[in-house]
Amino acid sequence: MSQITVRQKNFNFSSQIQRYWYGNSAFKTHFFNSITLLFPDGEQFMLRTIKRQIKQIENTQLKQEAAAFVGQEAQHAVQHEKFWQILYQQGYTFDIYLRCLRFILFNVCEKRLSIKFKLAMIAGVEHFTNVIAELTLKEELFADAEPIMKELFEWHSAEEIEHKTVAYDVFQDVTQSYLIRILGIIMAYTFVLGFVNLGLLIMLHHDKKLLNFKVWQEMVQFLFSEEKIFFKVFSHSIKYLKVNFHPSERDNLFLIERVIG
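Residues numbered from 1 in each chain as written. Predicted model: local features only at pLDDT ≥ 70, side-chain atom pairs only at ≥ 80, totals over all residues. Heavy atoms only, no water.

Engineer: What is the right way to look at the side chain of Thr175 in this model?
Structural biologist: In this structure, Thr175 sits in the loop between helix H6 (166–174) and helix H7 (178–206). Among the residues examined, Thr175 registers a relative accessible area of 11% and is labelled buried. Within the structure, Thr175 has its side chain in polar contact with the backbone nitrogen of Ser177 (distance 3.1 Å). (Helix = DSSP H or I, 4+ residues; strand = E, 2+ residues; numbered from the N terminus. Buried < 20%, exposed > 50% of the residue type's maximum accessible area, 1.4 Å probe, protein only. Polar contact = N/O pair within 3.5 Å; in protein donor to acceptor, adjacent residues only side chain to side chain.)

Engineer: I would appreciate a short explanation of the nonpolar core in the present structure.
Structural biologist: For soluble globular proteins, nonpolar side chains are generally found buried alongside one another. Residues Phe13, Trp21, Phe32, Phe94, Met149 and Phe153 are the most contacted members of the largest nonpolar core, which totals 86 residues. Ranked by residue count, the leading element in this core is helix H1 (residues 26–54), at 13 residues. Apart from the residues within four sequence positions on either side, Met149 is in contact with Phe13, Ile17, Trp21 and Phe83. (Core = buried A, V, L, I, M, F, W, Y, C linked by side-chain atoms within 4.5 Å. Contact = heavy atoms within 4.5 Å.)

Engineer: Can you walk me through the packing of H1 against H7 in this structure?
Structural biologist: What describes two packed helices is the angle between their axes and the distance between those same axes. Where H1 contacts H7, the axes come no closer than 8 Å and their chain directions differ by 125 degrees. It follows that H1 is oblique to H7 by the angle criterion. Viewed along their axes, H1 and H7 form a crossing whose handedness is right-handed. Residues Ala26, Phe27, His30, Phe31, Asn33, Ser34, Ile35, Leu37 and Leu38 of H1 pack against Phe191, Val192, Phe195, Val196, Gly199, Leu200, Met203 and Leu204 of H7. Its residues placed into classes, the contact of H1 with H7 shows 13 nonpolar, 4 polar and no charged. (Axes fitted to C-alpha atoms, helices over the stretch in contact; angles between N-to-C directions. Parallel < 35°, antiparallel > 145°, perpendicular 65-115°, else oblique. Left-handed = near helix turned anticlockwise from the far one by under 90°. Nonpolar A, V, L, I, M, F, W, Y, C, P; charged D, E, K, R; others polar.)

What follows is the structure, encoded as structure tokens:
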């Protein structure tokens with residue numbers, strides 16, 4: 001039986017959530033707001049691809065895990081999209097962003113890529129989210145965030161760690177090509193970082209803070225000098241390049257106990 005549990009969540013986001021809900025920091029808030037914009041459609045692309053592949057999987061354990069993966073990702077998509085209503089209430093608009101995102105995901109990636117490359121890209125995205133999830137829980141990254149947002153990101157992070165092997169194993173079930181795997185993670189990181197930065201810039205532009213010195217000072221502190229997120233993500237990410245890499249080799253499952261038991 002699969003050890004991955006599909007949990008039904010129902011976050012109620014109050015209209016009283018502050019505009020800069022992450023430690024009153026415009027940069028940190030919009031960095032993660034941008035991730036929230038990316039998640040729902042990104043999750044839909046992943047779960048639809050994996051769901052179509054399930055019937056081809058012969059390994060019973062992996063088939064069950066893939067089905068649970070689909071269930072968890074569906075929950076993530078729903079709960080993050082609910083938060084969009086707060087962003088709309090705060091006056092943010094991101095329709096052009098979403099049209100661009102959906103065109104690339106569903107008109108290009110979903111329709112044009114082979115199943116091998118789609119799964120390689122998804123495995124790469126899952127590696128990235130697992131790295132961020134580990135940092136979120138291990139370093140209590142959201143300690144300064146509003147409680148409901150801390151709960152949202154920590155719950156999501158815990159489930160990312162819980163199902164960290166699934167997309168990789170489904171990819172390996174189709175092909176064990178090292179070249180395709182590496183091309184997949186390059187595509188994944190280019191896509192994720194491109195859209196996260198795009199969303200960040202759109203929201204900072206909304207707030208007329210694109211040229212605000214404090215915002216970019218916060219960026220340097222968060223990515224390079226204090227939290228050093230850039231260096232931590234990079235050092236974890238390059239381990240994916242090992243020929244014999246597998247997500248299970250990183251011992252981080254213990255981190256989820258505080259959040260989901």
